[in-house]
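Residue-level structure breakdown
Residues per chain, in single letters:
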Amino acid sequence: MAIEKIHTENMFLHYGSKMALNNISISIPEKKITAFIGPSGCGKSTFLRSLNRMNDLIDGVKIEGNIFIDHINIYDKNIDVVTLRKKVGMVFQKSNPFAKSIFENVAYGPRINGIKDKNQLGEIVETALKNAAIWDEVKDRLGDSALGLSGGQQQRLCIARTLAVNPEIVLMDEPASALDPLSTSKIEELIVGLKEKYTIVIVTHNMQQAARISDLTAFFYLGELIEFDKTKKIFTNPEKKQTEDYITGRFG
């Protein structure tokens, strides 16, 4: 039986007067890949960003209900958001390396967290780059600017930067949508490898991608969670007609 890592109950989110998420209750197990699918504007990225409180940065957002990570309510007033975001890392749709060296991109988080020792930083950087499957491509050019890497390499560097602070959960918001098929395949392979150590939650517009790499799939539509089950069941025998219509391309 998989251990529950993330649990939300009766969660609502409003942007001002607009309801973006309506009564979301879901339990996400640890060390699995959970994919969120659904048409644009259905709330999947908004929900993803709620899991590390990124929506706190947007004016007028109001959240009701509970989100628990390891049975702790992350919206409790005593929660330190910086610590939360260290535990729950985020990889964005568009790779966003800093205009610094490859080494400094990955060392950035550990430095902020107080690690100053050069040898220790070197080990952390090497491990993170290896875990992000890019070490062999960059090990001889760690001092070069990260901006000189290809798009796919930049995205894997951003994944390494996220891993460098040792998170337990990695959120990915369409991490391959801007990449060519070869780079996409490398990112997918990498994500599948990461679930041995991390709980992965990925938003994707690409249903084939969800089918290929995820263990569980949640289908969102108009701010509601329509169905959540094992990926194979969602794609071959969904319970709800709306899910089937979306999967088979009747809308979306």
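The following refers to the structure shown.

A tally of helices and strands in the chain yields ten helices and ten strands. If one aligns the C-alpha atoms of the chain with their principal axes, the spans along those axes are about 55 × 45 × 35 Å. Evaluated residue by residue, the chain yields a buried proportion of 49% over its 252 residues. Accessible surface computed for the chain: about 12200 Å², of which carbon and sulfur atoms make up 50%. For the chain, the separation between the mean place of its 32 positive charges and that of its 31 negative charges on side chains is 2 Å.

Before going further, it helps to spend a moment on unusual backbone geometry. Here the phi dihedral of histidine 71 falls at roughly 65°; this positive angle occurs in a residue that is not glycine. Mapped onto the elements, histidine 71 comes out in the loop between β4 (61-69) and β5 (72-73). Taking the relative accessible area as the measure of exposure, histidine 71 reaches 62% and is therefore exposed. Of note, leucine 222 is a non-glycine position whose phi angle comes to about 50°, a positive value. On the basis of relative accessible area, leucine 222 is assigned to the exposed category, the value being 64%.

Our next topic: the pairing of strand β3 (residues 33-37). The buried fraction of β3 amounts to five of the five residues, a majority that puts the element mostly inside the structure. Burial along β3 is two-sided: Ile33, Ala35 and Ile37 and Thr34 and Phe36, pointing in opposite directions, are all buried. Where β3 meets strand β8 (residues 199-203), four bridges bridge the pair, whose relative direction is parallel. By the bridge assignment, threonine 34 is partnered in β8 with valine 201.

Let us now look at helix α3 (residues 102-112). Inspection of α3 places Ile102, Phe103, Asn105, Val106, Ala107, Gly109 and Pro110 among the buried residues, and these make up the whole buried set. Where α3 is buried, its residues contact α4 (118-131), α5 (135-138) and α6 (151-163).

Cut-off values and rules
Residues numbered from 1 in each chain as written. Predicted model: local features only at pLDDT ≥ 70, side-chain atom pairs only at ≥ 80, totals over all residues. Heavy atoms only, no water. Helix = DSSP H or I, 4+ residues; strand = E, 2+ residues; numbered from the N terminus. Buried < 20%, exposed > 50% of the residue type's maximum accessible area, 1.4 Å probe, protein only. Areas by Shrake-Rupley, 256 points an atom, 1.4 Å probe, with all protein chains shown as cover. Lys, Arg positive; Asp, Glu negative; His and termini not counted. Charge placed at Lys NZ, Arg CZ, Asp CG, Glu CD. Pairing = 2+ DSSP bridges. Contact = heavy atoms within 4.5 Å.

These figures capture arrangement, not role.
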